[in-house]
Amino acid sequence: MIDRSKFEPEDFLIDATFQHYCAGTDQLSIDYWSKYISQHPEQQKTIAEAEKLYRLLSGNKAKLNERILAFQEGFEQPKVVPLRPRRIWWSIAAAVLLVIGLGSIFFAEQKPEPVIYAQTYQTKAGERKKVTLPDGSTVWLNSKSTLKLDEQFNKGNRLVSLQGEGYFDVTHSKKPFKVKTSEFEINVLGTAFNVKAYPDEITSEATLIRGLITMQPVNGGGIITLKPSQKITLYKKTVAATMLPQQKRQLKISHPEITIDHYQLARDSTVVETAWVQNKIEILDQDFGEIKSILEKWYNVNITFVSPEIEKYRFTATFSNETIKEVLDALQQVEKFNYEIKGDQIKISK
């Protein structure tokens, strides 16, 4: 039996059945939580706050069918009046036009307004930058990343767009903080998390360090709630034009569309996924093919493997202030390979 006596609003939100209760999508969950609330009046205020947070995080949108039903109930039931056959056809046509018109009104109402981004922060290859946003939130941008702020940021909303990788430490506010990427959208209130969404990589990731976030893929699917220390990975369905042949081969491997796991800890308890914020590269049992992308962005180089076999070499290591040559020399101590550096081009062979 779970002891919920000391639960905060966020603790209730993590429970999937409570989410179903708030959304009204499962009758068993609705019955269970309705009964629980009536039996625990001392927690009603906390639960009400959790429901409010759920509405904020899920966009506070009423379901279309519920709105249509409410709209229909506002009319009196029409009296049945016999019509001549010729008028029946016109009545049906009028009814169809009315339904189409009502549908157009509802869908037009749901159509989102275009987003206008007024401020942009960018990092070049090999550059990392710390940014303080107008609401006091802090964002660390990794190499080759772009963060855009909606023109209404900290006024009507807290909406940002990210391409690349960013570590967010969000200040608490009644306005939800939303991060949009090409693969998913994240809603938060006050929390710390990492988002990785490079267009040239086969996966996009979100890692929660503390607090609470909900995430929804842009191509459909339900809202996913992440707990602290959890990491979600989305495998892309489309192949980006900038992807290299070896990355395209990886896409052919059978992967789940979405996986949820825990973040990784290095030997010194550093979180691997956010080590870059501390100016460190943490490699934990990763193959050369994965490491390649990290090194290219970190050192602003282009790496080519002469043999596909080299991509499968696996490494565990920590780097901080080393040059790319020192990194490759260290990796050579684990697996035998040769490399050649010409400017920003690196060729690795057996």
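Residues numbered from 1 in each chain as written. Predicted model: local features only at pLDDT ≥ 70, side-chain atom pairs only at ≥ 80, totals over all residues. Heavy atoms only, no water.

1. Remarks on a negative patch on the surface
A cluster of acidic residues, Glu8, Glu10, Asp11 and Glu49, forms a negative patch at the surface. Structurally, Glu49 is set in helix H4 (residues 44-57). (Patch = residues over 30% accessible without salt bridge, like charges linked within 9 Å, V, L, I, M, F, W, Y side chains within 5 Å. Areas by Shrake-Rupley, 256 points an atom, 1.4 Å probe, with all protein chains shown as cover. Salt bridge = Lys/Arg side-chain N within 4 Å of Asp/Glu carboxyl O. Lys, Arg positive; Asp, Glu negative; His and termini not counted. Charge placed at Lys NZ, Arg CZ, Asp CG, Glu CD. Helix = DSSP H or I, 4+ residues; strand = E, 2+ residues; numbered from the N terminus.)

2. Thoughts on the pattern of salt bridges
Scanning the model with the defined rule gives 16 salt bridges in all. With a closest N to O distance of 3.1 Å, Asp329 and Lys325 form a salt bridge. Of this pair, Asp329 and Lys325 are both found in helix H9 (residues 324-332), four residues apart, which corresponds to roughly one turn of the helix. On the accessibility criterion, Asp329 (26% relative accessible area) is partly exposed. Look at Lys325 and you get partly exposed, because its relative accessible area is 45%. Taken together, the shared-partner salt bridges in this structure form one network comprising Lys196, Asp200, Glu201 and Lys297. (Buried < 20%, exposed > 50% of the residue type's maximum accessible area, 1.4 Å probe, protein only.)

3. Things to note about the confidence of the model for the protein chain
Considering every residue of the protein chain, the mean pLDDT works out to 79; 77% of them sit at 70 or more. Per-residue pLDDT stays below 50 along residues 239-243; that stretch engages in 13 contacts with residues further than four places along the chain or on separate chains. (pLDDT = per-residue confidence, 0-100. Contact = heavy atoms within 4.5 Å.)

4. Notes on the pairing of strand S9 (residues 203-210)
Counting buried residues in S9 gives six out of eight residues, a clear majority hidden from the surface. Pairing geometry for strand S8 (residues 192-197) and S9, over five bridges, is antiparallel. When the sheet's bridge partners are listed, Lys196 is paired in S9 with Glu205. Linking S8 back to S9 in an antiparallel pair, the connection comprises five residues. Across five bridges, S9 lies against strand S12 (residues 230-235) in antiparallel orientation. Counted as the bridge partner of Ser204 is Leu234 from S12. (Pairing = 2+ DSSP bridges.)

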